Amino acid sequence: TASAQPPAAPSPAASSAATFEVASIKPSPPGDPANPLSIIPMASPRPGGRFTATNMPLWALIGTAWELPDFRIVGGNKELMNTKYHITAKAEGSALLGQKEMLPMLKSLITERFQLKFHFEPREMSYYDLVLVSSEGKLGP
């Protein structure tokens, strides 16, 4: 086992400096059975300082904003964490948002609108190493 250390991250209050000028968060409508792509979660910056997310469960939004794999997110109301949301947001100005600019805004939006309270803590986790059996690179049994 290994001890997973929390990433260096600002407190929720420290993220509040960068915010979207306007944002809408709504539960995602049910997917269209004729279009299987309509149920795939997606989040991306758009031209004009915009950000959109479709069919994103709250746990995935948190993972995106704090750059955490899903297994590192523990707790929360199961129904709320699994509800899928549609987000449309616009930053001040009209430049294309890069990840560096978008993530602090997404953090602020999530902590404000969902009243998110969180903390980072060390956890023991199992891990595996995949290694070659022989020096010539052949796969073993």
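Cut-offs used in this document
- Residues numbered from 1 in each chain as written.
- Predicted model: local features only at pLDDT ≥ 70, side-chain atom pairs only at ≥ 80, totals over all residues.
- Heavy atoms only, no water.
- Helix = DSSP H or I, 4+ residues; strand = E, 2+ residues; numbered from the N terminus.
- Contact = heavy atoms within 4.5 Å.
- Buried < 20%, exposed > 50% of the residue type's maximum accessible area, 1.4 Å probe, protein only.
- Lys, Arg positive; Asp, Glu negative; His and termini not counted.
- Salt bridge = Lys/Arg side-chain N within 4 Å of Asp/Glu carboxyl O.
- Pairing = 2+ DSSP bridges.
- Axes fitted to C-alpha atoms, helices over the stretch in contact; angles between N-to-C directions.
- Patch = residues over 30% accessible without salt bridge, like charges linked within 9 Å, V, L, I, M, F, W, Y side chains within 5 Å.
- Areas by Shrake-Rupley, 256 points an atom, 1.4 Å probe, with all protein chains shown as cover.

Trainee: Any chance you could break down the environment of Pro27 for me, citing the residues and the numbers?
Mentor: Within the fold, Pro27 resides in strand 2 (residues 22-27). In this structure, the C-alpha to C-alpha distance between Pro27 and His86, residues 59 residues apart in sequence, is 5.9 Å. If we skip the residues at most four places from it in the chain, Pro27 touches Lys84, Tyr85 and His86.

Trainee: For unusual backbone geometry, give the residues involved together with the corresponding values.
Mentor: Its identity is not glycine, yet Glu67 carries a phi of approximately 55°, on the positive side. Among the structural elements, Glu67 can be located in the loop between helix 1 (58-65) and helix 2 (78-82). When its relative accessible area of 54% is taken as the criterion, Glu67 is described as exposed. Backbone geometry places Gln115, a non-glycine residue, at a positive phi of 50°. Mapping Gln115 onto the fold places it in the loop between helix 3 (99-113) and strand 6 (123-125).

Trainee: So what's going on with the side chain of Lys90? Which residues, and what values?
Mentor: Structurally, the position occupied by Lys90 is in strand 5 (residues 84-90). The side chain of Lys90 sits in the buried core without any salt bridge; Glu21 is the nearest counter-charge, 4.3 Å away. In contact with Lys90, other than residues within four places in its own chain, are Phe20, Glu21, Val22, Gly48, Gly49 and Arg50.

Trainee: Before we move on, can you summarise the sheet that holds strand 4 (residues 50-57) with the specific residues and values?
Mentor: Across the sheet, which stays open at both edges, the 4 strands sit in the order 2-5-4-3 with antiparallel pairing between neighbours. Strands at the two margins of the open sheet, each flanked by one partner only, are strand 2 and strand 3 (42-46). Recorded for the sheet is a direction-independent mean angle of 5° between the axes of neighbouring strands. Pairing analysis gives 6 bridges linking strand 2 to strand 5, with the strands arranged antiparallel. Residue Ile25 lies in a different strand from strand 5, and its bridge partner there is Ile87. In the packing of helix 1 onto the sheet, the strands contacted are strand 4 and strand 5, and the crossing angle to strand 4 comes to about 135°. Each of strand 2, strand 4 and strand 5 touches helix 3; the most contacted strand, strand 2, lies at about 60° to it.

Trainee: An account of a nonpolar patch on the surface is requested, with residue identities and associated values reported.
Mentor: A contiguous nonpolar patch, built from Leu37, Ile39, Ile40 and Met42 and spanning about 380 Å² of accessible area, is present on the exposed surface. With respect to the helices, strands and loops of the structure, Ile39 is situated in the loop between strand 2 and strand 3. Classification of Ile39 by relative accessible area gives partly exposed; the value is 49%.

Trainee: Which residues make up the pattern of salt bridges, and what values go with them?
Mentor: Under the counting rule described, the total for this entry stands at 2 salt bridges. Among the ionic pairs, Glu112 bridges to Arg113, the shortest N-O distance being 3.8 Å. What makes Glu112 partly exposed here is its relative accessible area of 49%. One salt bridge connects Glu121 with Arg123, and the closest N-O pair in it is separated by 2.9 Å. Given the relative accessible area of 35%, Glu121 is considered partly exposed. By relative accessible area, Arg123 is classed as partly exposed at 39%.

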